[in-house]
Amino acid sequence: MSEKGLERPAPGAPDFRIEEHESVSSTNNLCFERARSGHAGGLWIRAQMQTEGRGRRGRDWQSPRGNLFASLLLIDPQPADRIGELPLVAAVALSEAVDKSAGTLQLVSLKWPNDLLVDGAKLSGILLEAETLGDGRQAVVIGFGVNCVSHPPLSLYEATDLRSLGFQVTAERLFDALAAAMAEQLAHWGQPGGFETIRRTWLSRAAHLGKAITIKTAQEEITGVFADLDARGHLVLKQNDGRQRTIYAGDVFLTGD
Ligand SMILES: O=C(O)CCCC[C@@H]1SC[C@@H]2NC(=O)N[C@@H]21
């Protein structure tokens, strides 16, 4: 394998390329390296293992062989104020890819903004990061980690994996389905009204809609009922005093869990 990894075209997206690696620090890191070297975007990086996999809010992401680790580099995919919609686009695409490769219908539900759950346990995580490059272009990297054959012991959330759930889905097969589903959803997202359809699809899989939740941010814990997603995909919380509050970031927990 060359230093840059094996390369091939991405399923469903003739303009996208895939680099496949044995082991990397983090597939997100490698995407940013390619962006800083002038890559035009539309690049997937997939690895069998990561040595410094990371999750949201600075957490580690354990990355043993057999699970899926892949990141997609996009350059200026849409105006910068729409980038916050991408976690939902990615979650819908990954849900469809899991269904397709496992041969299921609606296996997963979605925890805002982009965790896939099965019976309340976390199957995957998505990490979206963005950086303005020296030439002013915006590099956006969407990293996907899916527990295909193993999951970490209980930490912040209960976790699960496809094999424990009875589905023999390899990371390779799931990745090909994901690359095709992302190409489809990104094309959709770029069309007028496209995000509204994606938002509705996300809501049709929502895990905690109408339920009492607690949102933990770096500063505070906020409780209320998960009422809706706004037009940009932010969480709308109905607080106990009846007022609505829009939440832009945070970790969601079912209240009472
Ligand atoms: O905290 C989360 O839920 C997000 C986890 C994202 C993990 C993936 S694995 C591939 C990509 N590379 C990383 O270092 N992180 C993401």
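These notes cover the structure that comes with them.

Quick notes on the rules
- Residues numbered from 1 in each chain as written.
- Predicted model: local features only at pLDDT ≥ 70, side-chain atom pairs only at ≥ 80, totals over all residues.
- Heavy atoms only, no water.
- Axes fitted to C-alpha atoms, helices over the stretch in contact; angles between N-to-C directions.
- Helix = DSSP H or I, 4+ residues; strand = E, 2+ residues; numbered from the N terminus.
- Parallel < 35°, antiparallel > 145°, perpendicular 65-115°, else oblique.
- Left-handed = near helix turned anticlockwise from the far one by under 90°.
- Contact = heavy atoms within 4.5 Å.
- Nonpolar A, V, L, I, M, F, W, Y, C, P; charged D, E, K, R; others polar.
- Pairing = 2+ DSSP bridges.
- Salt bridge = Lys/Arg side-chain N within 4 Å of Asp/Glu carboxyl O.
- Buried < 20%, exposed > 50% of the residue type's maximum accessible area, 1.4 Å probe, protein only.
- Phe/Tyr/Trp six-rings, centres within 6.5 Å; stacked < 30°, edge-to-face > 60°.
- Lys NZ or Arg CZ within 6 Å of the ring centre and 35° of its normal.

Another aspect to go through is the packing of helix H2 (residues 86-102) against helix H4 (residues 194-204). Running from N to C, H2 and H4 cross one another at 60°; their axes reach a closest spacing of 9 Å. Put simply, H2 runs oblique to H4. For the crossing formed where H2 meets H4, the hand is left-handed. Across from Leu88, Val89, Ala91, Val92 and Glu96 in H2, the residues of H4 making contact are Phe195, Ile198, Thr201 and Trp202. The residue inventory of the contact of H2 with H4, partitioned by class, reads seven nonpolar, one polar and one charged.

Attention shifts here to the sheet that holds strand E3 (residues 43-50). Taken together, the eight strands give an open sheet; going across it, the order is E1-E2-E3-E4-E8-E7-E6-E5, and neighbouring strands pair in mixed fashion. Whereas interior strands pair on both sides, the edge strands pair on one side only; in this sheet they are strand E1 (6-10) and strand E5 (109-111). Within this sheet the neighbouring strands show an average axis-to-axis angle of 25°, counted without direction. Of the pairings in the sheet, the one linking strand E4 (residues 68-75) to strand E8 (residues 138-146) comprises eight bridges and is antiparallel in character. Pairing of Leu68 across the sheet is with Val146, part of E8.

Following the criterion strictly, the structure yields 24 salt bridges and no others. Residue Arg34 pairs with Glu19 through a salt bridge whose shortest N-O separation is 2.8 Å. In this pair, Arg34 sits in helix H1 (residues 27-36) while Glu19 sits in strand E2 (residues 13-24), placing the two residues 15 residues apart along the sequence. Glu19 matches Arg34 in its accessibility class, with the two residues each being buried. Counted as one network, the salt bridges with shared partners bring together Arg8, Glu20, Arg46, Glu172 and Asp176.

The pairing of strand E9 (residues 212-216) with strand E10 (residues 221-229) spans five bridges and is classified as antiparallel. Directly across from Ala212, in E10, lies its bridge partner Val225. Taking the residues between adjacent antiparallel strands as the criterion, E9 and E10 are bridged by four residues. Across four bridges, E9 lies against strand E13 (residues 251-254) in antiparallel orientation. Within the sheet, the bridge partner assigned to Ile215 lies in E13 and is Val252.

Another aspect to go through is unusual backbone geometry. With an omega of 0°, the peptide bond running from Trp112 to Pro113 counts as cis. As for its position among the elements, Pro113 is in the loop between E5 and strand E6 (115-118). Its identity as a non-glycine residue notwithstanding, Arg57 has a phi of 55°, on the positive side. Positioned with a positive phi, Asp76 is a non-glycine residue whose angle comes to about 45°.

Note on aromatic pairs: each is described by the distance of the centres and the angle between the planes. Taken as a whole, this structure holds four aromatic pairs when the rule is applied. With centroids separated by 5.2 Å and ring planes inclined at 90°, the aromatic side chains of Trp44 and Phe175 adopt a geometry described as edge-to-face. Taken together, the residues Trp44 in strand E3 and Phe175 in helix H3 (residues 171-189) connect sequence positions 131 residues apart. Residue Trp44 is classed as buried on the basis of its relative accessible area of 0%. The class for Phe175 is buried, based on a relative accessible area of 0%. Between Tyr157 and Phe253 the ring centres are 5.3 Å apart and the planes differ by 20°, which places this aromatic pair in the stacked class. Pair noted here: Tyr157 is in the loop between E8 and H3 and Phe253 is in strand E13, with a separation of 96 residues, a long-range link. Residue Tyr157 is classed as buried on the basis of its relative accessible area of 15%. Taken together, Trp44, Phe144 and Phe175 form an aromatic cluster joined through their ring pairs. Sitting above the plane of the Phe253 ring, Lys111 keeps its charged end 5.9 Å from the centroid.

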